[in-house]
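# Descriptive structure summary
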Amino acid sequence: MGYSSLTKEIRNGSNSGKKVKKNEMKEMKCQKRTRIIIKSRFAANILKYGKGKHMKQLTEKQKEQIEVLLKEMTIEEKLGQMNQISPSIVGGFDVSFEELIEMMTDGRISKEEFGRMMAGAKQDYHDDVNRAGGLSSVLISDPEVANQLQKIAVEETRLGIPLLFGFDVIHGFRTVVPIALAEAGTFEMDLIEKTGRIAAKESRAVGIAWHFAPMVDISRDARWGRISEGPGEDPYLASAFAAARVRGLQNDEEDSNNEVAACLKHYAAYGACESGRDYNTTGMALSMLHNTYLAPFKAAVEEGAVTVMAAFNDLNGIPCTVNKYLLRDILKDMYGFEGFVVSDANAIKECVVHGIAEDETEAAAKAMAAGMDMDMGTWIYSRKLKEAVETGKADISDIDDAVRRILSIKMRLGLFDHPYVTQEQMHRYDTLPQEHIAHALETAEKSIVLLKNEGVLPLEKSANISLVGALADMPEEVLGSWAIGGRAKDCVTIYQGLQNAGAAVSYHPCCGPEGELDEAQVRMAVEAGDVIVAVVGELASMSGEASSRADISLPGRQQEMLKMLLESGKPVVALLMNGRPLALSWEKEHLPAMVECWHLGIQMGNAVAHVLFGEVNPSGKLTCTFPAVTGQCPMYYNAPKTGRPGSKSKFTSRYLDAPVEPLYPFGYGLSYTEFTYSDMDVQETKEHLQVRVLLKNTGSRDGAEVVQLYMQDVCASIVRPVKELKGFAKQYLKAGESKTVTIMLPKYQMGFYDDQARYHLEDGRFILYIGGNSKDCLSQEVYVRFEITG
Ligand code: BGC
């Protein structure tokens, strides 16, 4: 049996593209619904992504080499291979590193003081432990130090197993591109793949062969700071993003020595932490888990991703770190994942704090039994697992399995043959190649989302611009969260971008996301220009890890600044620079133009200038719903259907003091031109529904539109979403041009998982929607019968 053998039947004259007539509907309802249920392993493979062929496979000789090593290794050396560490900070101050961070967080010392202390602190790389074969992986980005540590591992340890250097390279290493939340909004998988390939090259040149990325957590709660790191709220888009990024990282056809190991994180459902508060508990039905939160992980495993990081949170009462269902049953058994799993930083130790393990030995034993192969940062495996084996709490065969997995990835990466980086390599990207800069510019331009435009944009080049907002000229803020490899010297701020474009611009910082509002400066800004461009939003540090916000309106006094600017009567364009959706009801109501620029990476300023002056027509779309007020969070378009959908009437799913609708829906984004949709048509092919629509550029500028196909399963054995994205196509059209856009929906993708991870394809009515965002669509209802032949 296979999905390829499914045949279908579309009732109600889908070939004519007409809607269902009432009498036909009645007939349909009487029909008995057939269900096809596909179990476990087969279900894992039904939504095929890649071929899993990236990165060299092990040769027979290498497999033997691993077995020989395993036989020779002492238990201490095996546990050493399961030990991932960061260098420890030592000395220079009287308190612990943790307390120092606390002091900075609560303001006892400033960020600058903290920075100075860190710069003066010594790092301990644990050379003696390394020499004894006690280290496997180090989180580091300095190639000189990496070479020294590698020399010890390769030349001074008994078995000469190389170290694997890992680093958080989330949206570019040196060539920092837009945060993933923005980049996914390009809907261009080739670009997303290329970002991975460039990042891999640049980081491998300094010895980093393992990226703690891609981060593919679905998040529907804008309060969660880490929403910035991932591709947004939709499982279909996130799956495509995850697979593309893995292809980029793990596949370099020109030189496999440029490839790095991807690490899918955070497995799983970290983005669903209760109330958007980081590290908080997560609970959900397993059908929701499989249909939504696991989708990108599964896609990326199918694409060949070789490592996975478990999440901090508990899922339905069991921390992911020790969650056998997630790690063994689903990932390793059902998906057939052959790489290794690493914990998140300190997470094994935190199982004691979770209250799921009495002590560190029990935490180690539980993690091992669950399928956790490598310990990040706690040293618990190397210090406690031996005791756990001796007392029968852990199984040596689990340890062997973990070590085999880890060694095989080190071998596939070529580390046994090329453990070091040369001086030439480590300085290769001291200056960024033009090709990388051009890629950063293109992704940034295509990630920009035009939210509102009442005829103000694009601006004339000759316009006299007053640029306001501290964010407009803070180089490192363009990088966004988690961009540790980014360098200020490569960053172009919005102010610089406008100057590069030859604009007539005067700059007035006035107010930033933090701190005071300089009213005198605002008055000067108003006087200085004919049009005011206000850059407002969040500092990079306001999103990312440990950066949840309980109020997602504009932080600080920025709204006050906008009010003062508007009082001048001059046109005010808001350029938003933020790492999450913001609640901008007031801004939407009062400002004539708003552009979502996100944190766009090193080329931010140039990209924004090109859009402002119309050299680039914006085509980015939102990858997450923008709520009207924070209290609507979590808010997402593909919510399960309630029995009482929100409406104007009282006893429906709504708030008394907030609209039912979001501020901006998923998939939304305007253009300087206009697109119209007509002539929707659904045809059947053997294995697909073929959906066509006539797209017309009715405006006066050339532009690109992301055509989106959604589906609703009208009636099924479990509650299904209001709408689900099922395909997209980005179409470029010249002014006045029209084209028929076709999107193929594979019938096997019309099903869903139940609570036992069984995949269902159920006959019945489906509504297909096609349009330029998740709200404004043409629709057509069809009846689909899934049949198994052969
Ligand atoms: C984060 C991970 C990251 C790790 C190593 C953790 O705090 O949750 O995403 O990869 O640190 O830096």
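Quick notes on the rules
Residues numbered from 1 in each chain as written. Predicted model: local features only at pLDDT ≥ 70, side-chain atom pairs only at ≥ 80, totals over all residues. Heavy atoms only, no water. Helix = DSSP H or I, 4+ residues; strand = E, 2+ residues; numbered from the N terminus. Rg over C-alpha atoms; globule rule 2.2 N^0.38 Å. Buried < 20%, exposed > 50% of the residue type's maximum accessible area, 1.4 Å probe, protein only. Contact = heavy atoms within 4.5 Å. Areas by Shrake-Rupley, 256 points an atom, 1.4 Å probe, with all protein chains shown as cover. Lys, Arg positive; Asp, Glu negative; His and termini not counted. Charge placed at Lys NZ, Arg CZ, Asp CG, Glu CD. Pairing = 2+ DSSP bridges. Axes fitted to C-alpha atoms, helices over the stretch in contact; angles between N-to-C directions. Near = heavy atom within 4 Å. Polar contact = N/O pair within 3.5 Å; in protein donor to acceptor, adjacent residues only side chain to side chain. Nonpolar A, V, L, I, M, F, W, Y, C, P; charged D, E, K, R; others polar. Patch = residues over 30% accessible without salt bridge, like charges linked within 9 Å, V, L, I, M, F, W, Y side chains within 5 Å. Salt bridge = Lys/Arg side-chain N within 4 Å of Asp/Glu carboxyl O. Core = buried A, V, L, I, M, F, W, Y, C linked by side-chain atoms within 4.5 Å. Arc of directions from axis to C-beta. Left-handed = near helix turned anticlockwise from the far one by under 90°. Phe/Tyr/Trp six-rings, centres within 6.5 Å; stacked < 30°, edge-to-face > 60°. Lys NZ or Arg CZ within 6 Å of the ring centre and 35° of its normal.

## Notes on the overall build of the protein chain
Scanning the protein chain from N- to C-terminus turns up 25 helices and 30 strands. On C-alpha atoms alone, the protein chain measures out to a radius of gyration of 27 Å, which is about the 28 Å that the 2.2 N^0.38 rule sets for 790 residues. C-alpha atoms of the protein chain, sized along the principal axes, occupy 75 × 70 × 50 Å. Taken over 790 residues, the protein chain has a buried fraction of 61%. Across the protein chain, contacts joining residues at least 24 apart in sequence account for 79% of those joining residues at least 6 apart. Here the protein chain displays about 29900 Å² of accessible surface, and carbon together with sulfur accounts for 49% of that area. Treating the 88 positive side-chain charges of the protein chain as one cloud and the 107 negative ones as another, the clouds have centres 8 Å apart.

## Comments concerning the sheet that holds strand E25 (residues 738–746)
In sheet architecture, strand pairing relies on hydrogen bonds along the backbone and comes in two forms, parallel and antiparallel. Read across the sheet, 3 strands follow the order E21-E22-E25 without closing on themselves; strand pairing throughout is antiparallel. In the strand order of this sheet, the two ends are held by strand E21 (675–684) and E25, each with one partner. The mean inter-strand angle of the sheet, taken between neighbouring strand axes irrespective of direction, is 20°. Pairing of E21 with strand E22 (residues 688–697), which is carried by 8 bridges, proceeds in the antiparallel orientation. Pairing of Glu684 across the sheet is with Leu689, part of E22.

## Section: the site of the ligand
The environment of the ligand is made up of 13 residues, and the closest members are Asp168, Arg226, His266, Asp344 and Glu545. With respect to the ligand, the side chain of His266 contributes an N or O atom lying 2.7 Å from an oxygen atom. Here the shell around the ligand is built from residues that sort into 7 nonpolar, 1 polar and 5 charged.

## Some thoughts on the pairing of strand E23 (residues 703–713)
Burial within E23 is extensive, with 11 of its 11 residues counted as buried. Alternating residues of E23 divide into Gly703, Glu705, Val707, Leu709, Met711 and Asp713 and Ala704, Val706, Gln708, Tyr710 and Gln712, and every residue in both groups is buried. Across 9 bridges, the pairing between E23 and strand E24 (residues 724–733) is antiparallel. Paired with Met711 across the bridge in E24 is Glu724.

## Overview of a negative patch on the surface
Together, Glu358, Asp359, Glu387 and Glu390 make up a region of like negative charge exposed at the surface. One can find Asp359 in the loop between helix H15 (347–354) and helix H16 (360–370). You can call Asp359 partly exposed: its relative accessible area is 37%.

## Regarding the nonpolar core
Core analysis: the biggest nonpolar cluster contains 199 residues, and Met82, Tyr267, Leu385, Leu565, Leu575 and Trp598 have the highest contact counts within it. Here the element with the most residues in this core is helix H18 (residues 396–412); it accounts for 7 residues. In contact with Met82, other than residues within four places in its own chain, are Ser136, Met368, Asp373, Met374, Asp375, Tyr381, Leu385, Ile399, Ala402, Val403 and Ile406. Counting residues in each nonpolar core, the second largest holds 17 residues, with Ala180, Tyr637, Leu725 and Phe728 among its members.

## Focus on H15
Along H15, the positions that sit buried rather than exposed are Ala347, Ile348 and Cys351. Buried residues of H15, seen end-on, are gathered within an arc of 105° and therefore sit on one face of the element. Positive backbone phi, approximately 80°, marks Gly355, located one or two places after H15.

## Examining the sheet that holds strand E14 (residues 375–376)
Spatial strand order, E8-E7-E6-E3-E14: 5 strands in an open sheet with parallel pairing. The two strands at the open ends of the sheet, each matched to only one other strand, are strand E8 (208–211) and E14. Bridge analysis of strand E6 (residues 137–139) against strand E7 (residues 164–167) gives 3 bridges, and the strand direction is parallel. Bridging from a neighbouring strand, Leu139 pairs with Gly166 of E7.

## Remarks on the environment of Ala238
Structurally, Ala238 is set in helix H11 (residues 235–250). Using a relative accessible area of 0% as the deciding quantity, one classes Ala238 as buried. Contacts of Ala238, omitting those with residues within four sequence positions, involve Ile218, Pro231 and Pro296.

## What about the side chain of Asn313?
Note on placement: Asn313 falls in the loop between strand E10 (307–310) and strand E11 (314–315). Reaching out from Asn313, the side chain makes a polar contact with the backbone oxygen of Ala268 at a distance of 3.3 Å. One polar contact links Asn313 to Thr282, side chain to side chain, over a distance of 3.3 Å. What Asn313 contacts, discounting residues up to four positions off in sequence, is Ala268, Ala269, Tyr270, Asn280, Thr282, Ile318, Pro319 and Cys320.

## Focus on the packing of helix H10 (residues 189–204) against helix H20 (residues 434–447)
Interaxial distance between H10 and H20 falls to 11 Å at its minimum, and their mutual angle equals 145°. For the crossing formed where H10 meets H20, the hand is left-handed. Residues Leu191, Lys194, Thr195, Ile198 and Glu202 of H10 touch H20, and the partners they reach there are Glu435, His436, His439, Glu442, Thr443 and Lys446.

## Side note on the packing of aromatic side chains
The full count for this structure, using the stated rule, is 17 aromatic pairs. Aromatic side chains Phe167 and Phe173 sit 6.2 Å apart centroid to centroid with 85° between the ring planes, which places their arrangement in the edge-to-face category. Grouping residues by exposure puts Phe167 and Phe173 together as buried. Measuring from ring centre to ring centre gives 4.8 Å for Trp210 and Phe212, while their planes differ by 70°; the resulting arrangement is edge-to-face. The class of Trp210 is buried, set by a relative accessible area of 0%. Accessibility expressed as a relative area gives 1% for Phe212, which makes it buried. Aromatic rings pair up to connect Trp224, Tyr270, Tyr279 and Phe312 into one cluster. The cationic tip of Lys563 hangs over the ring face of Trp586; the distance from NZ or CZ to the ring centre is 5.2 Å. Its guanidinium or amino end placed over the ring of Tyr664, Lys588 lies 4.6 Å from that ring's centre, counting from NZ or CZ.

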